[in-house]
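Analysis of the macromolecular model
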Amino acid sequence: MSLDKDMVRRIAHLARIRVADDELEPVARDLERILGFVEQLNAVDTEGVEPMTSAVAMTLRQRPDVVTDGDRREEVLANAPDRAGAFFAVPTVVE
Amino acid sequence: MLIRGETGDWEMVLGLEVHAQVTSQAKLFSGASTAFGGEPNTQVSLIDAAMPGMLPVINEMCVRQAVLTGLGLNARINLTSVFDRKNYFYPDLPQGYQISQYTQPIVGAGVITIDLPDGSTKPVRIARLHLEQDAGKSLHDQDPHRTFIDLNRAGVALMEIVSEPDMRSPDEAAAYVTKLRAILRYLGTCDGNMEQGNLRADVNVSVRRPGEPFGTRCEIKNVNSIRFIRQAIEYEARRQIEILEDGGTVEQETRLFDARKGETRSMRSKEEAHDYRYFPDPDLLPLVLDPDWVEELRRSLPELPDAKRERFMRDFGLSAYDASVLVAEKETAAYYESLIDGGRRDPKLAANWVISELYGRLNRTGTPIEQSPVGAGALGELLDLIADGTITARTAKDVFDTMIETGRSAAAIVEEKGLKQITDTAAIEAAIAAVLDANPDKIADYRAGNEKLMGWFVGQVMRATGGKANPKLLNETLREKLKG
Amino acid sequence: MTATDLTRLGIAEALDGLARGAFSARELATAHLEAMAAARNLNAYITETPEQALAMADASDARRAKGEALPLDGIPVAVKDLFCTKGVLTTAGSRILENFVPPYESTVTAKLWAAGAVMLGKTNMDEFAMGSSNLTSYYGPVVSPWRAKDDPRPRVPGGSSGGSAAAVAAAIAMGSLGTDTGGSIRQPASFSGIVGLKPTYGRCSRWGAVAFASSLDQAGPFARSVRDAAMLLRAIAGFDPQDSTSVDCPVPDYAAGLDGDVRGLRIGVPAEYRPAELPEDIAALWDQGIAWLRDAGAEIVDISLPHTTCALPAYYIIAPAEASSNLARYDGVRYGLRVPADELTEMYEATRGAGFGAEVRRRVLIGTYVLSAGYYDAYYNKARRVRALIARDFAQAFQRVDAILTPTAPSDAFPLDAPTDDPIRMYLNDVFTVPASMAGLPGISVPAGLSRAGLPLGLQVLGRPFDEPTVLQVAQALERAAGFDPLGALAPALAPAK
């Protein structure tokens, strides 16, 4: 498995995490090492095995259609780094 | 429908992804309200705001509505379905992912029949329906440097209904949305309100030479009226044909419809490197439906527009056109059925009154039928007065105008204005005599063979009696008198 | 009783003392708060909450005076800083939540307070529970109270629940809560010489606990005895309608049925947990454990769990994949750190770049990679298939045995300054704990002896889903036979009066 700097840049952007240029190389080496480690799974025969989704053998429980929440604007906004009145505020989104 | 280009004919290929807001009290995975128009960020639970450690629990009503819709679309219900996370960053998407269904949706393939303007019908296949969360709202125009975020809508349940690329003209696309909307509204699973964005469509458009394989498609996002859907398709198809005829190639991309300019334009920023990294949401388990419950829902399905139209034609002898008009909106059909009162009232007369008289008057003020100042019961009483000979059909229209204006009952208006039909032979004879006395020359004319004047005499007598003369009696008596 | 004596009591003894009126909950809390202040060099707590502790202790004393004492009334406990606590800073060990004060309380902590427990504070941890050393915390490493015989270098307490483990080992909490995703309770319990229990997945609610890997995360207790752990588990376990993965089944009184009787139980010993490189002292301790259980009347059964070696690589696909998505909400919009920028994407990247430490970044990037287009099947689906095989191995083994005995960790506690440049080497710490996590099974680590270096070593007992009672029973048999002193780290001068 080889992972180049462009790939790290691409993944980092997908994950919205800044990785400085001089870190791309060491990060690539780390990720390569991990990917190399997990690749031993290729040797496992999983023919006909269904992927496991959950450790609990249950199906989804449903709740009744009742309004039980809301009207807690101050709690919702209390930790906001930036707000404008009743809104969260973020730097301009360039469409 | 073929489009004539510079170099020959083209055919458009259209598929729609309709996002329909599920009618429910609470959101898909939280207990916050779905009501429209709340103060910003007041209908937000800690789950909707994606606070750390918050977990989703599914709303049973949203599941029911999706299954009901699937049944209404003649679609396969998947007894096991899975919720996936669609990962992307956007400030109105608090979790950083949308909970949706990717590989195993709750509803599979189905089909609906669309009604085209020329009276023909066409099947359009449904590929799938899945449940997903709506995003919040970004307000870009409140501040020059900042975007404001309101999460009231975040987490509201949507049904994404995906058609196969079976449509070939803007008319067909419009008919598809119209029919889909009608079905949803009949089922009560979505209110179909396009102005509030509760029903919106992504339109996939491509063009090809007739008989050739599909061309490259562009997706026009979030078109929120049927008129705009037509405009967007027409503009986009023409744009693609121009590119192809100039020897270019259409690029697969997401585009936005600008309603003011009537154009579509590229949304490149949304396009960049999308990789949604779908995977099953580990906070949720597979959704498994009880087949008996699904069958119960199937049995409880209301009569849908196509079946209702057939019944109106079969049982009430209505024309295909009249029946289609009456079933197009759930409320109109309900009004009509209430009006005929199980067939007690003349179905054809009632159909005419709804389609011509009631619609004509409501359209003038843009009033929806469910807010009509004259309810089905009140209009029924008016029709009864016609039927039992109390008033003439002509008087009835004037009475109806007054009913629309004042909301008063037909009987009261007839009583107060003295509009009861004149069935007294003496009174009618007197009115005829007055008209004949004043027009000896016309009598001579008539007797000389100009029988067309009969209508003129009838009109004169009607005017003299304020339209109240019993038409049958008037005709018979007049004919007698004119004979001399 | 001196303040030192009070901090060294077990939960059951403390409840006795409170019931007898030998001391008050306030005295108990005060003794702990003083000990915490004296032990700040361990860095076990990110946030101490003395005001809450005293107020809760007073409320507890008032209840007891009215004869309305609750099951854990007055017991001072520490809570991993992964659990959201209403009105109290909750950081998950990360800079990105350095200022986050939740307006809500997690289900398990709420249950703990409803049982009368007293909150001492929020404990240090590996950032977002990613680590086995507590070295990845933004708030600095935790120092274990233990030292090797001939090596004065400070040791790690293990992780990720390192602060919770160290606090109990250092007698600055009577018990504590941690979370275990791949071993984050059991491994630090082993390193710190105490009992750590990971319940069955679905036994304790995840609501209000900051998510690392949702299909694996499970809350559980640390204590200095198996009985104490059983009492804490009873308080926090139970169905929660707010967590779709919470299982609705009754919570037994775990401590009531506990007598360490393992006669007739079949104990599985899996061959795959004895790799050639397993240190001799750990192998010997495991053999000792087997002998103890045999002597206590259990039947020892050799078993095979053939996919054991696949568990760790599969875990390092599944856990980072889930984490990459779970951590997307830390975006500087609604709470937590924001690094200002003129443009949105800049803000996201700067915030998350500065807010996450190296290990979190590494795992989010790996998770993003394995889920991305073209790699999903090769990595993520493959790992989920392997996970199914691991679960099947256990299910088959549990047809033949009632519990499984293994070492908890492949090493004892390493020094704080041990080289950590190779992530894989660090991941290998969890090689014995991850398989049961993948299968969602309950597991416990019981301190059983000392390594050649004089540091604690634990043995792990695994059980069937929701069979915590058997797991506890076997653990207590081991505890009894081992006679390990969980306060052995503390200076002899401070050793409890016998």
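Coordinates for the structure precede this section.
Below you will find a few notes about this structure. (Residues numbered from 1 in each chain as written. Chains lettered and ligands numbered in written order. Predicted model: local features only at pLDDT ≥ 70, side-chain atom pairs only at ≥ 80, totals over all residues. Heavy atoms only, no water.)

1. With respect to empty space enclosed by the protein
What counts here: A 1.4 Å probe that fits into a set of points on a 1 Å grid over the protein atoms alone but cannot get out defines a cavity; an open set with protein on both sides within 12 Å along at least five of seven lines defines a pocket, and lining residues are those with an atom within 4 Å of a point. Grid points are joined across faces, edges and corners, and a volume is the space filled by probe spheres set on the points. Gly falls in the polar group here, along with every residue not listed as nonpolar (Ala, Val, Leu, Ile, Met, Phe, Trp, Tyr, Cys, Pro) or charged (Asp, Glu, Lys, Arg).
Applying the stated rule across the entire model yields 4 cavities of 30 Å³ or more. Computed from the structure, the largest cavity encloses a volume of approximately 80 Å³. What lines the largest cavity is Leu 82, Phe 83, Thr 179, Ser 205, Arg 206, Ala 209, Val 210, Ala 211, Asp 217, Gln 218 and Ala 219 of chain C. Grouping the constituent residues of the lining of the largest cavity by class yields 6 nonpolar, 3 polar and 2 charged. The computed volume of the second largest cavity comes to approximately 60 Å³. Lining the second largest cavity are Gly 53, Met 54, Leu 55, Arg 85, Tyr 97 and Asp 283 of chain B together with Ala 211, Ser 214, Asn 326, Arg 329 and Tyr 330 of chain C. Here the residues of the lining of the second largest cavity are counted per class, giving 5 nonpolar, 3 polar and 3 charged.

2. Considerations on the interface of chain C and chain A
For the record, the criterion: A contact between two residues is defined here by any heavy atoms of the two lying within 4.5 Å. Buried area is calculated as the accessible area (1.4 Å probe) missing from two parts once they are joined, with the contributions of both summed. Every case where a carboxyl oxygen of Asp or Glu lies within 4 Å of a side-chain nitrogen of Lys or Arg is listed as a salt bridge. We define a polar contact as two N or O atoms separated by no more than 3.5 Å, with the added condition that, inside protein, one atom must be a possible hydrogen donor and the other a possible acceptor, whereas residues neighbouring each other in sequence contribute only through side-chain atom pairs. Here a helix means four or more residues in a row that DSSP labels H or I, a strand means two or more in a row labelled E, and each is numbered from the N terminus.
Between chain C and chain A, the contact holds 71 residues from the first and 51 residues from the second. Together, the buried faces of chain C and chain A total about 5300 Å²; carbon and sulfur atoms form 66% of this surface. The largest contributions to the chain C side of the interface with chain A come from Glu 349, Arg 361 and Leu 365 of chain C, which together make up 13% of the buried area. At the surface where chain C touches chain A, the tally comes to 6 salt bridges. Of the charged contacts, one joins Glu 349 of chain C and Arg 18 of chain A as a salt bridge, the two residues approaching to 3.6 Å between their closest N and O atoms. In this structure, the connection of chain C to chain A is made through 17 residue pairs in polar contact (both at pLDDT 80 or more). Put simply, the parts of the chain that give the side of chain C that touches chain A at least two residues each are helix H10 (308-326), helix H11 (344-355), helix H12 (358-371), helix H13 (376-397), helix H14 (423-427) and helix H15 (434-439) of chain C. Examining the composition of the side of chain C that touches chain A, we find that 11 residues originate from one element, H13 of chain C, more than from any other. Grouping the constituent residues of the side of chain C that touches chain A by class yields 38 nonpolar, 16 polar and 17 charged.

3. Section: helix H8 (residues 226-236) of chain C
Residues and elements named next belong to chain C. Selection rule: Note on exposure labels: buried denotes an accessible area under 20% of the residue type's maximum, exposed denotes more than 50%, and partly exposed covers the range between, all computed with a 1.4 Å probe on protein chains only.
Within H8, 9 of the 11 residues are buried, which leaves the element mostly enclosed by the surrounding structure. Along H8, the residues classified as buried are Val 226, Asp 228, Ala 229, Ala 230, Met 231, Leu 232, Leu 233, Ala 235 and Ile 236. Among the residues trailing H8, Gly 238 stands out with phi positive, at a value near 135 degrees.

4. Points about the pattern of salt bridges
Residues and elements named next belong to chain B. Per the counting criterion, the structure on display carries 74 salt bridges over all chains. When the shortest N-O distance is used, the salt bridge between Glu 331 and Arg 185 registers 2.4 Å. Placement of the pair is Glu 331 in helix H8 (residues 330-340) and Arg 185 in helix H2 (residues 170-187), with a sequence separation of 146 residues. According to the relative accessible area criterion, Arg 185 is buried, its value standing at 13%.

5. Some points on helix H9 (residues 347-365) of chain B
Residues and elements named next belong to chain B. Convention followed: One less than the number of residues in a helix, times 1.5 Å, gives the span that helix is expected to have. Two axes are fitted around each residue, one to the seven residues ending there and one to the seven starting there, and the angle between them is reported as the bend at that residue.
Here H9 is 19 residues long and its end C-alpha atoms lie 26 Å apart, about the 27 Å a rise of 1.5 Å per residue gives. At Tyr 359, H9 is bent by approximately 40 degrees, the largest bend along its length. Turning to H9, its buried residues number three or more, namely Pro 347, Ala 350, Ala 351, Trp 353, Val 354, Ile 355, Glu 357, Leu 358, Arg 361 and Leu 362. Those residues of H9 hidden inside the fold are in contact with helix H6 (305-316), helix H7 (320-328), H8, helix H10 (376-387) and helix H11 (393-406). In this structure Asp 346 caps H9, since a side-chain oxygen of it lies 3.0 Å from the backbone nitrogen of Lys 348.

Interpretation note: all reported values are geometric properties and have no functional meaning in isolation.
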